[in-house]
Amino acid sequence: MRLYLMRHGHAVKERATLDNFHRPLTDTGIAETEKMGRHLKEMLPDQAVGIYLSPLVRTQQTGEILARTLRDGRAAADVTSGTLYALARDNWEPLDNHLINLTASGGPEHVFFVSHQPFLEAWLYGLTGVSLSFKQSSVAVIDLRRGKKSKLVAYLTPSLWEK
């Protein structure tokens, strides 16, 4: 299974009238997520994909943009998505159980977890031994290996495709 750990796009700053849970993406966050989605679609042209999201507004928006971009021109059943409350917490065990269940049920070979820093950084380190700080709309691509260290295949940021 290939796991994609993705950080949400740029979001508006928290303020007295807007709590952390409800912060939406900025125009930059939307544009960078759309760009990342287009390039991920090129990497996964005919692959079934599962996208799982933290419940926070900015990750929900990031996931919706990613799903819409990946679905363009595909059968709707090829891209599935859903919310996992565990993606808003730092405990890897329920996420690992979700991946085990997906594998056992013949789920998609490509799975996205859209979440937050520092959780992504901790999960990446736990899986691969690689430490890096996730930028907004960035994706770590991991070959998931049961019973041994998984392998970081790529770290992608929207700036990789700037002209």
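Up top is the structure.
Residues numbered from 1 in each chain as written. Predicted model: local features only at pLDDT ≥ 70, side-chain atom pairs only at ≥ 80, totals over all residues. Heavy atoms only, no water.

**Student:** With reference to specific residues and values, describe the overall build of the protein chain.
**Tutor:** Along the protein chain, the regular secondary structure elements total four helices and six strands. Expected size for 163 residues packed as a compact globule is a radius of gyration near 15 Å; at 15 Å, the protein chain falls within 12% of this value. The C-alpha extent of the protein chain, read off along each of the three principal axes, is 45 × 35 × 30 Å. Restricting the contact set of the protein chain to residue pairs at least 6 apart, pairs at least 24 apart contribute 67%. Counting only carbon and sulfur atoms, one obtains 50% of the accessible surface of the protein chain, whose full area is about 8200 Å². Positive and negative side-chain charges in the protein chain, numbering 20 and 17 respectively, have mean positions lying 3 Å apart. (Helix = DSSP H or I, 4+ residues; strand = E, 2+ residues; numbered from the N terminus. Rg over C-alpha atoms; globule rule 2.2 N^0.38 Å. Contact = heavy atoms within 4.5 Å. Areas by Shrake-Rupley, 256 points an atom, 1.4 Å probe, with all protein chains shown as cover. Lys, Arg positive; Asp, Glu negative; His and termini not counted. Charge placed at Lys NZ, Arg CZ, Asp CG, Glu CD.)

**Student:** Tell me what's going on with the packing of aromatic side chains, and back it up with residues and numbers.
**Tutor:** One pass over the full model with this rule turns up six aromatic pairs. Within the aromatic cluster, the residues linked to one another by ring pairs are Y52, W92, F113, F119 and W123. (Phe/Tyr/Trp six-rings, centres within 6.5 Å; stacked < 30°, edge-to-face > 60°.)

**Student:** Go over the pattern of salt bridges with me, naming the residues and quoting the values.
**Tutor:** By the definition in use, this model includes four salt bridges. Across the pair R2 and D143 runs a salt bridge whose closest N-O atoms are separated by 2.8 Å. Placement of R2 in strand β1 (residues 2-7) and of D143 in strand β5 (residues 139-143) is noted, with a sequence separation of 141 residues between them. A salt bridge links D72 to K41; the nearest nitrogen and oxygen atoms lie 3.9 Å apart. With D72 in the loop between α2 (57-71) and β3 (79-83) and K41 in helix α1 (residues 27-43), this residue pair connects regions lying 31 residues apart in the sequence. For K41, a relative accessible area of 22% translates into the label partly exposed. (Salt bridge = Lys/Arg side-chain N within 4 Å of Asp/Glu carboxyl O. Buried < 20%, exposed > 50% of the residue type's maximum accessible area, 1.4 Å probe, protein only.)

**Student:** So what's going on with helix α4 (residues 119-128)? Which residues, and what values?
**Tutor:** Considered for burial, the residues of α4 that qualify are F119, L120, W123, L124, L127 and T128. Buried residues of α4, seen end-on, are gathered within an arc of 130° and therefore sit on one face of the element. Contacts made by the buried residues of α4 are with β1, α3 (93-104), β4 (110-115), β5 and β6 (151-156). After α4 finishes, the residue G129 shows a positive phi value of roughly 80°. (Arc of directions from axis to C-beta.)

**Student:** Can you break down the nonpolar core residue by residue, with the values?
**Tutor:** Side chains of nonpolar character tend, in soluble globular proteins, to be buried together. Ranked by internal contacts, the top residues of the largest apolar core, which has 22 residues, are L3, L5, W92, L95, L99, F113 and W123. At the level of elements, β1, α3, β4, α4 and β5 are the ones that each hand at least two residues to this core. The element that contributes the greatest number of residues to this core is α4, accounting for five residues. Setting aside residues no more than four positions away along its own chain, L3 makes contact with W92, L99, V111, F113, L127, A140, V141, I142 and L144. With 17 residues, the next largest nonpolar core counts M6, V49, L66 and V139 among its residues. (Core = buried A, V, L, I, M, F, W, Y, C linked by side-chain atoms within 4.5 Å.)

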